[in-house]
Amino acid sequence: VDVQRSGPSTGLPTHPGQSDLMQARWGTHGDHATIALAPAYLHELYLETIRAFNLSEKYRLPVIVLIDEIIGHMSECFEVPRPEEYTIFDRVKPTCPPEEYSPYEVRDGELVPPMAAYFEGYRFHATGLNHDKTGFPTTHPVVCHQDEVRQLAKVSQNRGEIVSWEEVMADDAEILVVSFGSTARGAHAAVLEARKKGIRAGLFRPITVWPFPDEEIRRLSHRAKAIVVAEMNLGQMICEVERVAHSDIRIVGCQKVGGVPIEPHEIIEKIREVA
Amino acid sequence: MAFDYTPYMRMSKLPHLWCPGCGIGIVVKSLIRAIDRLGWLKDDIAVVSGIGCTSRAPGYLDMNTLHTTHGRAISFATGIKLVRPDKHVIVIAGDGDMVAIGGNHFIHACRRNIDITCIINNNNIYGMTGGQYSPTTPHGAKAATAPWGNMEPSFDLASLAMGAGATYVARGQVGNGVQLERLIRDGLGHHGFAVIEALSNCHTQFGRRNKLPDPMQLIQHIQDKTVPKSKADKMDAAELAGKLVVGELYRDADRPEFCDEYAKLRQRAQAASRKSMAVPVA
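To start, this report covers the structure provided alongside it. These numbers come from a predicted model, not from an experiment.

1. Points about the overall build of chain B
Piece 1. Regarding its fold elements, chain B presents 12 helices and eight strands.
Piece 2. The C-alpha atoms of chain B give 20 Å as radius of gyration, which agrees with the globular expectation for 282 residues (19 Å, within 12%).
Piece 3. Counting only C-alpha atoms, chain B reaches 75 × 50 × 40 Å along its principal axes.
Piece 4. Across the 282 residues in chain B, those meeting the buried criterion constitute 51%.
Piece 5. Restricting to contacts in chain B with at least 6 residues of sequence separation, those with at least 24 account for 68%.
Piece 6. Total accessible area on chain B stands at roughly 13000 Å², and carbon and sulfur atoms take up 58% of it.
Piece 7. Between the averaged position of the 32 positive side-chain charges in chain B and that of its 25 negative side-chain charges there is a distance of 4 Å.

Encoded structure:
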């Protein structure tokens, strides 16, 4: 769980920021997939945390819950979801006898190996070194390459299940506001206000920020005239939007750091600039 | 009849990667014999390590094994132990891993007195990465990063463990596998954080740079520096200067153990929570 503050290094403790977006993706070394979820409401935070565990168990990788100080400190009323309203996914365990178990072996067409628990008869080895399917360290180039490709594919080939977002009047939006976390709540208000003033604004709020909702942004960018990316950093999500959006579309950032939230009127200003 | 180690090892993963004559072999074999004497089942044992030559040991053991990141074996081992306090959790690592980068985890495990057995193969060097000096490299010794001699003083690992609160502390050396096996066995059987420092030889990296390139020569040198506790107890400070005491150095069976304390806390918290709620909690 990363409750983002402002600023690099020790920064501004107890002040909000959204500048760890890229760190959530690339903070650790090596080629690795990342799943990061950025809920914006406490009810959503509750369910997304459950989903984070589910995704982690299903795909066997760490999942980051990426919120910010505003969400971390806020009080909000919500009805706690009852167990019947959500599912719990537990990791798939092996069914073969221990002698036949290889902890990192996948069947054809599958990507996630069943994972045994310690002390249940499957005495396997787990290591941070590159390893073969028995879990033992290896430096065999082909084995290492293929295993890392499989690890990335676990996420890239399951985007449909992992990516999630919220759209508010985005279908016919001329000015698309892209925003996540607490900033998106202000962006939501800005979009409603802009519509009252006759501007066809819409909001696209990624809830899954990694993997980034490439297809959805690409699709919406064909219909819109401009995109405003509102984030409490000096330009991180905007890089992703620029990467996938239609090449002719105008993309501007509404960026503020310094530990204070971006207010709806600031986002409306930017919407007006590009409208 | 010679002891058969093969039931405890992943034989298909041999030959191992250690240098001929490495002291780690003696430490690992002493650990295996100790486990055998205790009659423990392999399924009930987790062996956790960090990074370094010593940390490669779990890969060769046919138990529940985990090879983690540098200095972090204790963090992972703590997680395993908390989930299954009924199982045996062993940490095996080198001096650099355990008391340099891992120093923080080490002192807190000692302080908490968590029921884990921590075996430190202390060969006074970072062996795998080419012979850099560690917190236990003797003052004045040469190393890859101390070409003019190590200017730093070195830790006394056993004192560090005792000072931090470990409740079983012992020191052995690879020249005496029988004693090492007994010390490890007693540590394994101890209910609390047990530290067994095994003075060991890295003739390839440490020895070669310090005029002790032959493994037997280096082991003899290590042995010559040691004095048994029974004898040391009768020696004064002057006589003990430069010596390392071997044997069981400290034991306290009465201090509260971490997992036991946690279980008590949970019971207390759940009982209080049941009392304060209007409806019964499952």
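2. Focus: the sheet that holds strand β2 (residues 64-67) of chain B
Piece 1. Ordered in space as β5(A)-β2(B)-β1(B)-β3(B)-β4(B)-β6(B)-β5(B)-β8(B)-β7(B), the nine strands form an open sheet in which the pairing is mixed. Since the sheet does not close on itself, it has two edges, and those belong to β5 (125-127) of chain A together with β7 (226-228) of chain B, each with one partner. When strand polarity is set aside, the average angle formed by the axes of neighbouring strands in this sheet is 20°.
Piece 2. The pairing of β5(A) with β2(B) spans three bridges and is parallel. Note that in β2(B) the partner of A:A126 across the bridge is B:L66.
Piece 3. Contacts from helix α9 (residues 215-225) of chain B reach β5 (168-173), β6 (194-199), β7 and β8 (244-251) of chain B within the one sheet, and its direction differs from that of β7(B) by about 50°.

3. Describing empty space enclosed by the protein
The gaps of empty space that remain are located by a probe, the size of a water molecule, rolled over the atoms.
Piece 1. All chains considered together, the criterion is met by one cavity of 30 Å³ or more.
Piece 2. Quantified by volume, the largest cavity comes out at close to 50 Å³.
Piece 3. As for the largest cavity, its lining consists of A:H125, A:F136, A:P137, B:S55, B:R56, B:G59, B:Y60 and B:H67.
Piece 4. Here the residues of the lining of the largest cavity are counted per class, giving three nonpolar, four polar and one charged.

4. Comments concerning the side chain of A:Q4
Residue and element names in this part refer to chain A.
Piece 1. Checked against the element boundaries, Q4 lands in strand β1 (residues 2-6).
Piece 2. Looking at Q4, its side chain comes within polar contact range of the main-chain nitrogen of D20, at 2.9 Å.
Piece 3. Setting aside residues up to four positions removed in sequence, Q4 forms contacts with H15, P16, G17, Q18, S19, D20, L21, L66, I67, D68, E69 and F180.

Quick notes on the rules
- Residues numbered from 1 in each chain as written.
- Chains lettered and ligands numbered in written order.
- Predicted model: local features only at pLDDT ≥ 70, side-chain atom pairs only at ≥ 80, totals over all residues.
- Heavy atoms only, no water.
- Helix = DSSP H or I, 4+ residues; strand = E, 2+ residues; numbered from the N terminus.
- Rg over C-alpha atoms; globule rule 2.2 N^0.38 Å.
- Buried < 20%, exposed > 50% of the residue type's maximum accessible area, 1.4 Å probe, protein only.
- Contact = heavy atoms within 4.5 Å.
- Areas by Shrake-Rupley, 256 points an atom, 1.4 Å probe, with all protein chains shown as cover.
- Lys, Arg positive; Asp, Glu negative; His and termini not counted.
- Charge placed at Lys NZ, Arg CZ, Asp CG, Glu CD.
- Pairing = 2+ DSSP bridges.
- Axes fitted to C-alpha atoms, helices over the stretch in contact; angles between N-to-C directions.
- 1 Å grid on protein atoms, 1.4 Å probe; cavity = no way out; pocket = protein on both sides within 12 Å on 5 of 7 lines; lining within 4 Å.
- Points joined across faces, edges and corners; volume = space filled by probe spheres on them.
- Nonpolar A, V, L, I, M, F, W, Y, C, P; charged D, E, K, R; others polar.
- Polar contact = N/O pair within 3.5 Å; in protein donor to acceptor, adjacent residues only side chain to side chain.

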